[in-house]
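A look at the structure
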Amino acid sequence: MAFLRFFCKCTEHLTAYNSRLLLFRTTEQCLPSATRINADQISVLRRQMVSSKKKLPFEVETANMKKDILVYSHTNERFYKLLTYFGCAQFAFWAYLALFSFQTLKDAPPSEPSTETDTSSWWRRMAAKESKYKNGISILCFAFGYTVLCISVMYPMRAVKQLWLLKGGNFIRLETYSVIARQQSLTVPVSNISCLQSRTDSAAQIPMKVKGRWFFYLLDKRGHFHNTQLFDFAVGLSRAV
């Protein structure tokens, strides 16, 4: 029954369409030749209708940009400076601990086998072990401190401070924090970047992959998006890079 009702509705719509088409053709034949619209006029009207059509939200014009546009910015210099100082302090502490372990732990002379239970503290037993334990503790302390230092230095260099869409719309400029200089910049084509998340996702940061660069650049969502339309439909797209 449902199929029959659907078939009947389609037949009614088709009949109405044919009636309107027949009426239009009859009216056109009845008009004088001077009032008929020729093919050139119809093409002009079509072009005007297309040109006056309202743009969709994702139709962003970037090729006619006359100046650089600031798309995103986030300023938090105090945090990244403290993070760098923290990494340097941690490296100094663990390096000193590694040096202290290497110089203080001594190789104990071989002792006679004893059946009695050793009740000395654990650090005395560790100090009396062979040199491999001493070297292992020193290397472990230094490696941990060096890892903390690398993270505290590399993280600010991947935190985006400002994101610019340059004149013409084909290149962007990333400005990040730096340990030595106040900031460092990188200019890459728009086609060489890819954002793994959108601006409206629940994550706190937006990871951005840049072709030919290690690690991801990070955009903190607590920053200010000055032009959300350019970011959503021109810069912050997911691309195969």
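Model, not experiment: these values are computed from the prediction.

Description of the sheet that holds strand β3 (residues 171-177)
- On the basis of which strands lie adjacent, the open sheet formed by 5 strands has the order β4-β3-β2-β1-β8 and antiparallel pairing. The open sheet has two free edges, formed respectively by β4 (183-189) and β8 (224-225), since each of these has just one partner strand.
- Strand direction decides the pairing type here: β3 and β4, joined by 7 bridges, are antiparallel. Paired with Y177 across the strands is Q183, a residue of β4.

Topic: the nonpolar core
- Ranked by size, the top nonpolar core spans 23 residues in total, and within it L163, I172 and F231 carry the most contacts.
- Breaking this core down by element, the ones donating at least two residues are β1 (69-73), β2 (160-165), β3, β4, β5 (193-195), β6 (205-210), β7 (217-220) and α6 (228-235).
- Per-element tally for this core: the top contributor is α6, with 4 residues.
- Among all residues touching I172, those that are not within four sequence positions of it are L163, W164, L165, L166, L186, T187, V188, V190, I193 and V235.

Comments concerning the environment of C195
- If you trace the backbone, C195 turns up in strand β5.
- On the basis of relative accessible area, C195 is assigned to the buried category, the value being 3%.
- Counting along the chain gives 23 residues from C195 to L218, while the straight-line C-alpha distance between them is 9.5 Å.
- For C195, the residues in contact, after removing those within four places along its chain, are I206, P207, M208, F231, V235, G236, L237 and S238.

Things to note about α6
- Along α6, the residues classified as buried are L230, F231, A234 and V235. Taken around the axis of α6, the buried residues stretch over an arc of 110°, which confines them to a single face.

Re the sheet that holds β6
- Read from one edge of the open sheet, 3 strands run β5-β6-β7, paired in antiparallel fashion. The open sheet has two edge strands with one neighbour each: β5 and β7. Each neighbouring strand pair of the sheet contributes to a mean axis angle of 25°, computed without reference to strand direction.
- With 4 bridges connecting them, β6 and β7 associate as antiparallel partners. The residue of β7 that forms the bridge with Q205 is D220.

Let's talk about the pattern of salt bridges
- Inspection of the entire model under this criterion finds 4 salt bridges.
- Between D220 and R222 there is a salt bridge whose closest N-O contact spans 2.9 Å.
- Judged by relative accessible area, which is 7%, D220 ranks as buried.
- Judged by its relative accessible area of 67%, R222 is exposed.

Considerations on helix α3 (residues 77-104)
- With 28 residues, α3 should reach 40 Å at 1.5 Å per residue; the first-to-last C-alpha distance of 40 Å fits that figure.
- When we look at burial in α3, the residues that qualify are E77, Y80, T84, G87, A98 and S101.

Side note on the side chain of E175
- Structurally, E175 can be placed in strand β3.
- Once you skip the residues sitting within four places of it in the chain, E175 turns out to touch A159, V160, K161, Q162, W164, Q183, Q184 and S185.

So, the packing of aromatic side chains
- Tallying each qualifying case throughout the model produces 12 aromatic pairs.
- With centroids separated by 6.4 Å and ring planes inclined at 85°, the aromatic side chains of W214 and F215 adopt a geometry described as edge-to-face.
- Overall, W214 belongs to the exposed group, its relative accessible area being 68%.
- Among the residues examined, F215 registers a relative accessible area of 53% and is labelled exposed.
- Through a chain of ring-to-ring contacts, the aromatic side chains of F79, Y80, Y155 and Y177 assemble into a single cluster.
- Lying across the ring of Y217, R158 places its NZ or CZ 4.6 Å from the centre.
- In this structure, K209 is placed above the aromatic ring of F216, and the distance from its NZ or CZ to the ring centre is 6.0 Å.

Focus on the side chain of T176
- Along the polypeptide, T176 turns up in strand β3.
- Of note is the side chain of T176, whose polar atom sits 3.4 Å from the backbone oxygen of M157.
- Non-local contacts of T176, meaning those with residues more than four positions away in its chain, are made with P156, M157, A159, V160, K161, Q183, Q184 and Y217.

Conventions we followed
Residues numbered from 1 in each chain as written. Predicted model: local features only at pLDDT ≥ 70, side-chain atom pairs only at ≥ 80, totals over all residues. Heavy atoms only, no water. Pairing = 2+ DSSP bridges. Helix = DSSP H or I, 4+ residues; strand = E, 2+ residues; numbered from the N terminus. Core = buried A, V, L, I, M, F, W, Y, C linked by side-chain atoms within 4.5 Å. Buried < 20%, exposed > 50% of the residue type's maximum accessible area, 1.4 Å probe, protein only. Contact = heavy atoms within 4.5 Å. Arc of directions from axis to C-beta. Axes fitted to C-alpha atoms, helices over the stretch in contact; angles between N-to-C directions. Salt bridge = Lys/Arg side-chain N within 4 Å of Asp/Glu carboxyl O. Expected span 1.5 Å × (residues − 1). Phe/Tyr/Trp six-rings, centres within 6.5 Å; stacked < 30°, edge-to-face > 60°. Lys NZ or Arg CZ within 6 Å of the ring centre and 35° of its normal. Polar contact = N/O pair within 3.5 Å; in protein donor to acceptor, adjacent residues only side chain to side chain.

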